[in-house]
Structure formats: structure tokens, C-alpha cells
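Inside the fold
Now for the letters of each chain:
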Amino acid sequence: MALPCTLSALLPVQSQLDYALMDANSNEDKENLIYQYLTKVDNRQNDRTVPEFAADLEWLNTESSLTIFKDLCGKVVVLDFFTYCCINCMHVLPDLHELEQKYSDKDGLVVIGVHSAKFPNEKVLDNIRSAVLRYNITHPVVNDANAKLWHELDVSCWPTLVILGPRGNLLFSLVGEGHKEKLLLFTSVALQFYKERGDIKDNCITVKLYKDSLPASPLLFPGKIAVDSSSDKLVISDSGHHRILVVKNTGQILHVIGGPNSGCRDGNFSEAAFNSPQGVVLKNDVVYVADTENHLIRKIDLKEEKVVTVAGIGIQGSDKEGGAEGLLQPINSPWDLAIGSSEDCADSVLWIAMAGSHQIWALMLQDAKLPKGSSELKKGTCIRFAGCGNEENRNNAYPHKAGFAQPSGITLAEEEPWKCLFVADSESSTVRTLSLKDGAVRHLIGGERDPMNLFAYGDMDGSGFSAKLQHPLGVAWNNQTNLLYVVDSYNHKIKVVNPKTKHCTTLAGTGHAGNVIGPRFLQSSFNEPGGLCLGDNGRTLYIADTNNHQIKVLDIETQSVSVLPVMFSNTSDVVDSPYVPRKTNQMPVLPKSAPTVVMSPWAVCPGQALDFQLRLIFPSGTKLTEGAPSFWYLSVEGHEWLLQGQNTSGQILDLSTQPSISLHIPLNCPALDPVLQIAVFLYYCSSESNACTMKAVLFQQPLQISDAKEAEVAKVELTYCF
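Everything numeric here is computed off the predicted structure, so don't read it as measured data.

Another aspect to go through is the overall build of the protein. Each helix and strand in the protein was counted, giving 6 helices and 46 strands. In summary, the protein has a C-alpha radius of gyration of 28 Å against a globular reference of 27 Å for 722 residues, a match within 12%. Counting every position in the protein, which comprises 722 residues, the buried fraction comes to 57%. Counting only contacts in the protein whose residues sit at least 6 apart along the sequence, the fraction spanning at least 24 positions is 59%. When the accessible surface of the protein is totalled, it reaches about 29800 Å², and 49% of it is carbon and sulfur.

Relative to the elements of secondary structure, L434 occurs in strand β25 (residues 430-435). For L434, a relative accessible area of 0% gives the class buried. Linking L434 and A397, residues 37 residues apart in sequence, is a C-alpha distance of 9.6 Å.

Taken together, the 6 strands give an open sheet; going across it, the order is β3-β6-β5-β4-β7-β8, and neighbouring strands pair in mixed fashion. The open sheet has two edge strands with one neighbour each: β3 (58-60) and β8 (170-175). The average angle at which neighbouring strand axes cross in this sheet is 20°, direction not considered. Across 5 bridges, the pairing between strand β7 (residues 160-164) and β8 is antiparallel. By the bridge assignment, L161 is partnered in β8 with L174. Against the sheet, helix α4 (residues 125-134) makes contact with β3, β5 (109-115) and β6 (141-143), and its axis sits at roughly 20° relative to β3, the strand it touches most.

Further remarks concern helix α3 (residues 87-102). End to end, α3 covers 24 Å across 16 residues, agreeing with the expected 22 Å (1.5 Å per residue, within 8%). Taken as a whole, α3 has its buried residues at I87, N88, C89, M90, H91, V92, L93, D95, L96 and L99. Buried residues belonging to α3 abut β4 (76-82), β5, β7, α6 (180-196) and β19 (334-342).

Evaluation of the coordinates by the stated rule reveals 23 salt bridges. A salt bridge links E181 to K30, with the nearest nitrogen and oxygen atoms 3.0 Å apart. Placement of E181 in helix α6 and of K30 in helix α2 (residues 27-41) is noted, with a sequence separation of 151 residues between them. Exposure remark for E181: the relative accessible area of 53% places this residue in the exposed category. Residue class for K30 comes out buried when judged on its relative accessible area of 19%. Across the pair K495 and D488 runs a salt bridge whose closest N-O atoms are separated by 2.9 Å. Grouping residues by exposure puts K495 and D488 together as buried.

Glancing now at the sheet that holds strand β15 (residues 286-291). Pairing is antiparallel across the open sheet formed by 5 strands, whose spatial order is β13-β17-β16-β15-β14. At either end of the open sheet lies a strand with only one pairing partner, and these are β13 (267-268) and β14 (280-283). When β15 meets strand β16 (residues 296-301), the two strands line up antiparallel, connected through 6 bridges. By the bridge assignment, V286 is partnered in β16 with D301.

We now examine unusual backbone geometry. Of the consecutive residues G259 and P260, the connecting peptide bond is found in the cis state with omega at 0°. In this structure, P260 sits in the loop between β12 (252-258) and β13. A cis amide bond links E416 to the next residue, P417, at an omega of 0°. Inspection of the secondary structure puts P417 in the loop between β23 (407-413) and β24 (420-425).

Take the packing of aromatic side chains next. One pass over the structure, following the stated rule, counts 15 aromatic pairs. Ring centres of F172 and F186 lie 4.1 Å apart, and the angle between their planes is 15°; on these two criteria the pair is classed as stacked. Placement of the pair is F172 in strand β8 and F186 in helix α6, with a sequence separation of 14 residues. Take F172 and F186: they sit in the same class, and that class is buried. Through a chain of ring-to-ring contacts, the aromatic side chains of F81, W150, W158 and F455 assemble into a single cluster.

The contact between helix α1 (residues 7-23) and α2 brings their axes to 10 Å, and the two run at 160°. Taken together, the axis directions place α1 and α2 in an arrangement best described as roughly antiparallel. The crossing of α1 and α2 is right-handed. Side by side, α1 and α2 meet where L10, V13, Q14, Q16, L17, A20 and L21 of the first sit next to K30, L33, I34, Y37, K40 and V41 of the second. Residues of the contact of α1 with α2, tallied by class, amount to 9 nonpolar, 2 polar and 2 charged.

Before going further, it helps to examine the pairing of β19. For β19, the tally of buried residues reaches 8 of 9 residues, placing the bulk of the element in the interior. Between β19 and strand β20 (residues 345-354), which follow one another and run antiparallel, lie 2 residues.

Once that is clear, we can look at the side chain of T411. Of note, T411 is situated in strand β23. The residues contacting T411, other than those within four sequence positions of it, are C420, L421, F422, V475, A476, W477 and L484.

Successive side chains on a regular strand alternate, one facing one side of the sheet and the next facing the other. Judged by how many residues are buried, β4 sits mostly within the fold: 7 of 7 residues are covered. The alternating pattern of β4 places V76, V78, D80 and F82 on one face and V77, L79 and F81 on the opposite face, and all of these are buried. In this fold, β4 hands off to α3, which returns the chain to β5; that crossover is right-handed. Relative to β7, β4 is paired through 5 bridges, and the arrangement is antiparallel. Residue L79 lies in a different strand from β7, and its bridge partner there is V162.

This part covers α2. Spanning 15 residues, α2 covers 21 Å between terminal C-alpha atoms, matching the ideal 21 Å at 1.5 Å per step. Those residues of α2 that sit buried are K30, I34, Y37, L38 and V41. Seen from one end, α2 has its buried residues packed into an arc of 100°, which puts them on one side. Exposed and facing more than 90 degrees away from the buried side of α2 are E28, Q36 and K40.

Looking now at the confidence of the model for the protein. Low pLDDT means the predicted coordinates in that region are not meant to be read closely. Averaged over all residues, the pLDDT of the protein is 89; the fraction at 70 or higher stands at 92%. Taken together, the stretch residues 569-585 has pLDDT below 50 and engages in 66 contacts with residues farther than four places along the chain or on a different chain.

The nonpolar side chains of soluble globular proteins are, as a tendency, buried together. Formed by 75 residues in total, the largest nonpolar core has its most connected members in L38, F53 and I112. Here L38 is in contact with L171, F172, V189, A190 and F193, once residues within four sequence places are set aside. With 31 residues, the next largest nonpolar core counts L614, W632, L643 and L703 among its residues.

For the coordinates displayed, the defined rule picks out 0 disulfides. Free cysteine C157: the closest other cysteine sulfur is in C86, separated by 8.6 Å. Taking the relative accessible area as the measure of exposure, C157 reaches 26% and is therefore partly exposed. Lacking any disulfide linkage, C533 is separated from the closest cysteine sulfur, that of C420, by 19 Å. When its relative accessible area of 7% is taken as the criterion, C533 is described as buried.

Conventions used here
- Residues numbered from 1 in each chain as written.
- Predicted model: local features only at pLDDT ≥ 70, side-chain atom pairs only at ≥ 80, totals over all residues.
- Heavy atoms only, no water.
- Helix = DSSP H or I, 4+ residues; strand = E, 2+ residues; numbered from the N terminus.
- Rg over C-alpha atoms; globule rule 2.2 N^0.38 Å.
- Buried < 20%, exposed > 50% of the residue type's maximum accessible area, 1.4 Å probe, protein only.
- Contact = heavy atoms within 4.5 Å.
- Areas by Shrake-Rupley, 256 points an atom, 1.4 Å probe, with all protein chains shown as cover.
- Pairing = 2+ DSSP bridges.
- Axes fitted to C-alpha atoms, helices over the stretch in contact; angles between N-to-C directions.
- Expected span 1.5 Å × (residues − 1).
- Salt bridge = Lys/Arg side-chain N within 4 Å of Asp/Glu carboxyl O.
- Phe/Tyr/Trp six-rings, centres within 6.5 Å; stacked < 30°, edge-to-face > 60°.
- Parallel < 35°, antiparallel > 145°, perpendicular 65-115°, else oblique.
- Left-handed = near helix turned anticlockwise from the far one by under 90°.
- Nonpolar A, V, L, I, M, F, W, Y, C, P; charged D, E, K, R; others polar.
- Right-handed = clockwise from strand over helix to strand, strands pointing away.
- Arc of directions from axis to C-beta.
- pLDDT = per-residue confidence, 0-100.
- Core = buried A, V, L, I, M, F, W, Y, C linked by side-chain atoms within 4.5 Å.
- Disulfide = S-S within 2.5 Å.

Quick look at the structure:
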């Protein structure tokens, strides 16, 4: 009879295999050793079987829940125990993707992600769903929110891979990252072993990807944002679209660089390719990019419109010292950037939050010395500056002995008396300082004194250790007020810190995931914001509201929150989220060829609702272009107050079910005759000509607002034949 077991019960026998594999001379010898091992542990009478998934667990990427001893019977199963905050777990995903490309469920392989949360925020299914989309996970994922299976198997760390045989019998475990060769080898031999015994079934596991049901989104999981204080330009890392956007502070797009698919390529803006870029910094028409999943630092010249690689070799590195020329130096998941100066050279250092190796690195932009450095470093040198490479919360006067835990945000305070980098150390839930005078690493807020405790998180205003954060991802320094702003990502808040007193208070956000544009900071809500920057001489905060796929704008003086409308400067192609009312009433520019349809005047009264139904008629076989956002937009020149608080834009997803557009006339509306404009922008393809195009039409609806008492909903059809 099969008995449940833990990974510790498997450890002695697998350890023997691991030692034997170290001495094997060829791949054939390794395969033979694994084959002998499977022959030894495959015992139907005494199988070590894993427990069944609990019936009440939530699943993603499937039509229904899966069971080990029914749905997965006859399969070799890889269980990936992960939590989505963990950089080491992210590093395993490419290995699993390669495995899934090689073997499918028809071959007998199924990969299951078992999400066992570290932070409370990670237990929420919607947040896991966003992470599954963000990391392009295409296999089934189960939310083991209370870590029941984790504890039953005695899993000890993230990530852990557990390989099962076709009877749910435990075969192998791989703890940590960097085991791709073993993963592929173990799985390949296991599939061969059980196929020879006739135990593999070729039935399909039904996968239903959540991403396939989503409408096109102009911004997809924006990670970081940067501003050039000498201009009106912003740079957005549109991470989910694998591209960089350069926009004006009004939201008009100036450059689209890379995307929409991941890749690794230098060249002009249309040729270049990135893979989930994060940190960006802009200086004098040059953008540096932390190309996170390519493990590269890229340089964008906005004048020449060229992208070049300046550090990294394109694969994950394990070097924790550095010192080589940039293009020869392997690096590990760079997450954020800041440009700084040495004592004798301005803008000479690109500081890098190297999340993957838990360190702070420097890329020399000029020949210069680093703090605590004895000799000058040559331009192009990429070197570790602080952090021993162990994942811990260790402060130390010596930078190489300090320990970080997935540093994910940095900002620079070069003026006296600060002269430091502020570091958002996400996995320790702290903000730390790194002195640019002597290299000392010190605590600022969050966490606790035990350097090995990475679970001292929470949501609490206070000073020093009494302040609590939950996985902060970004920091921004205001040199006008000497205040530090922090993206407290998993608390869905923006916080502000006085580094002199170490006091931290909540600036914006309710503490719950949401997308509310409130009249005050504390009434507004965010969803796992990942980055922020300061503009307008410290008066404006730009927030990369990652899971809301938006850029939020916080006016510090008025404490108002708005959404940055992202649009092309010379065309009507708007790429703002259609689900959020804009704070501007300026209608996107219509093409000169766009026709205008003038409607008959419509009489309405205060408090009445208007329901406009679009009736756009197209030739048979016409369909909307995938990936291009067709939308409608409302405006009323001279009477913008009429639209206040109402939805002024929306997406058109399907020509067969065209949207209704609602407008409520305010109760205190005076008797006026405004002209409402409804602009419709469409991207569509014709099956007859096999061509795609963009067209627009403008409806002008005069309104006659009187004091009549009728208040029935008025229905108006907006018809146009293309």
C-alpha cells in the first residue's frame, strides 16, 4: 500500500544518486545512473506518494481543479513550489519553460505551479493571477494559500521542484535555482523509464489561460518610471509589453522602443528587443535600462534612436565580485538604476540594484573612483560595490560584508549631509542606506535587528524598526524637502520617510488593492505599485501602478490623484487604459479624413440619463485588429464640467456587441445648449483585401438642457457605415 512521505524521507537515497552523478563522465553514464535509481525506488508495494491536492484549493490556467491520483495519473509531474515575490523562483521559470517546450502532456509531462505564499498579499488569488500573467506562466497553478501541501511534504525553501511518477509516487526533489541540467535529465529519463513500462498516458490536460480572455491593454504591468528634471520627458518600462516608452509629462508618446514580444536584440527602435525590463534612468537624451530577464544593462540614445548593450552577456550570471569590462561581465537580474557622480567626475557611475545576486553594483560611465576604492576604475567596468551575495538583512560598516535581500529600488541623495543611496530591500521589507562616503550599509525603516529574519513585515507607520513595510519595490528622493518616498508594494501604498528622524507615514493608498482615483491621497487605491519618481521640482509623484496597468500622478500640493493619459503626439492612437476617467478633457487628435456626423438637437433636463448606442456598420468579414485598442471618447468644449466624475472613454472589443455610452446630466445643471462630441477610433482588418487600417468618425450631438421635469432615460443611436 502506498504511504505518504516527505522530502526528507527521499533525501538519503537521492543523495547517493547526486554524488554518483558528480563522478559520471558522460551523459550516457548519467542516464544509466538515473535509470538504475528509478528501478530501485519504483516499488508499487511501497511507493512514497504525495498527498492529494485539497478539494477546496483555487486554480488558475485550468477549467477546473486537478487531482494527482485521477487527472494526473499516468503523467510525470513536476511540482514547482514558488512564491511570486521571490527572484530565485523567477529564475526557475525559464528552465520550466524550456522543459515544457520539449515535452507536452501528450508526451506524458505536466508542470504544476504550487503557489505557497510568503507575504499575506500573495495569498490573494487575484494577486497571484496578476503574477501568472506578468511572468507568462502557461501551466496550471494552484493556490496553496495556507501552505498545506508545503508542510505535508516538508518543503523548506523557495523554489523547490518535486518530480512525481505516474502514480503520484515521489521520485526526485531539486531545492533552489540553477538545476536546469538535472531537471531536464531527470525528467527525460523518467519519461523513458515509465513509457517502457506502459505507465504513461497520452491524454491531454485542459489548460485555459486567463490571459487569452483579457482585452488588449496599452500598458501592461509597467514596472518603473523615470523623469529628466531638465526636460518634460518621462520614461516608462512597459514591462509586460517588453518595451520602453518615452512620453511627455502630458502623456504624449514620443518613442516606442522594442516590444510587444520578448527578445534580446540591439539596433534601432523598431529592431530592438527587451525581456521584462524594469529600472530606467534618463539623463541628457540617454536612457539606461535594467533589462531584467535578459540580465543586461542597455543604453538608449534618443537622438540617434539606437539601442546598445553596455553590460551583461545575455544569460544569468553567478559572479558576485565583478570587475570585468561590461560586455564581458555576467550579471544577475538587475532591477533598478540610478546615475551618480564620483568625487572628481559628474555622472560617472550607474548604480545597479542587482536583485538576483542580492547586491548593489556599479557600472563605470567614466574613468573614476568608487567610495572606499583605492584605485581608479576604467570606463565600462562593471563591479560589485556592496553586498556579500547572501540573502539577508545584514548592516555593516564594510560594504562587502553587508547583506541585502533582493534589492529592487534605489535612489540617490548626493547632497550633504546625506551622500548615500537609499535602497528598497524588498525581501527583508526594509529601506536601507548605502553611504557614498565610506560604503557603510545602515538601517532606515522596517524589518528587525536579526539579519536572518526576512519575515518581519507588516503595515505600520512609525520610526525605525517600529515602522513596518511589505515587500517595497521603489524609492524616490526629494532633494527639495529632504524626504524619501517609498512604494510599499504589497501594502498597495505610497509612504513618506523623514530620514533625519527615521519616521515613516502613509501618504497615499487605503492599504487594499484597488483602482480608485480619490479626491484625497488616503482615499485613493493602488494595486502592487512597483516604481515611482518625482517631477516638477518635487511637486509631482509619478507612480507605476503595476497591476492596474497605469501611471498615476500625485500632486503633492493639492493631494489629488489622476491617471496619466498616454497617447501619441501627432495621431489619434491613444494607449491609455479605457477603464479610467481621464483628468483631461482634451479630445485626441482626429485624422483629417475623419467624417463628422451632426445629430439633431436632443432636449434633456437636469438629472436625466442619456444612453448612446453605437451602430457602426462594416462589410462582412471585418474584424477588429488584435493588440490595437479601438475606443470611444467623450468631450464637450467649453462645458467640461458636464463630464466631471463620469467615464469619458471606453474600449470597443467586438463589432458584434458594440458598447453603450452613458451620460448623466448633473442635477444642478443650468439651462444651456452644449454640443457633446463622441469620437470613435477603430483599428480593423478586412478579410477581402487582407489589409488592416485605422479610421475614425466624430458624432456631434447638440443638447438642449431645460428645466423640464421629465427624467426618463433617453436612448440615442449613433449610426455610421464604413
